[in-house]
Amino acid sequence: MVPKDAAMLLSFMNLKLRDFYPSLDAFCDDTGEDRKGIEERLAEIDYHYDEKINQFV
């Protein structure tokens, strides 16, 4: 369901978090995606989840 390319994943995740989900956990619970896997892939391009703003920055 989520893009494999890290840059596309970043855009996809921030859109979903901004428009549809109150948290990364809510997204993962709803979609069955692996939070750790998403965070690891985005950390490779130096982006990390910020709970306060509910975005990867």
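Here the structure is a predicted model, which means the values were calculated and not measured.

Let's talk about the overall build of the chain
Item 1. When helices and strands are counted, the chain shows three helices and two strands.
Item 2. Walking the chain from its N terminus toward its C terminus, one meets helices and strands in the order α-α-α-β-β.
Item 3. Against the globule reference of 10 Å for 57 residues, the chain gives a C-alpha radius of gyration of 10 Å, in line with a compact fold.
Item 4. In terms of principal-axis extent, the alpha carbons of the chain reach across some 25 × 25 × 15 Å.
Item 5. Expressed as a percentage of its 57 residues, the buried residues of the chain come to 33%.
Item 6. Long-range contacts, defined here as pairs at least 24 residues apart, represent 47% of the contacts in the chain between residues at least 6 apart.
Item 7. The chain carries 7 positive and 13 negative side-chain charges, and their two centres are separated by 2 Å.

Concerning the packing of helix 2 (residues 24-31) against helix 3 (residues 35-43)
Item 1. Direction vectors running N to C along helix 2 and helix 3 enclose 125°, while the axes themselves pass 10 Å from each other. Overall, the two elements helix 2 and helix 3 adopt an arrangement that is oblique. Seen from helix 2, the contacting residues are Leu24, Asp25, Phe27 and Cys28; seen from helix 3, they are Arg35, Ile38 and Glu39.
Item 2. Tallied by class, residues from the contact of helix 2 with helix 3 come to four nonpolar, no polar and three charged.

Thresholds, definitions, all that
- Residues numbered from 1 in each chain as written.
- Predicted model: local features only at pLDDT ≥ 70, side-chain atom pairs only at ≥ 80, totals over all residues.
- Heavy atoms only, no water.
- Helix = DSSP H or I, 4+ residues; strand = E, 2+ residues; numbered from the N terminus.
- Rg over C-alpha atoms; globule rule 2.2 N^0.38 Å.
- Buried < 20%, exposed > 50% of the residue type's maximum accessible area, 1.4 Å probe, protein only.
- Contact = heavy atoms within 4.5 Å.
- Lys, Arg positive; Asp, Glu negative; His and termini not counted.
- Charge placed at Lys NZ, Arg CZ, Asp CG, Glu CD.
- Axes fitted to C-alpha atoms, helices over the stretch in contact; angles between N-to-C directions.
- Parallel < 35°, antiparallel > 145°, perpendicular 65-115°, else oblique.
- Nonpolar A, V, L, I, M, F, W, Y, C, P; charged D, E, K, R; others polar.

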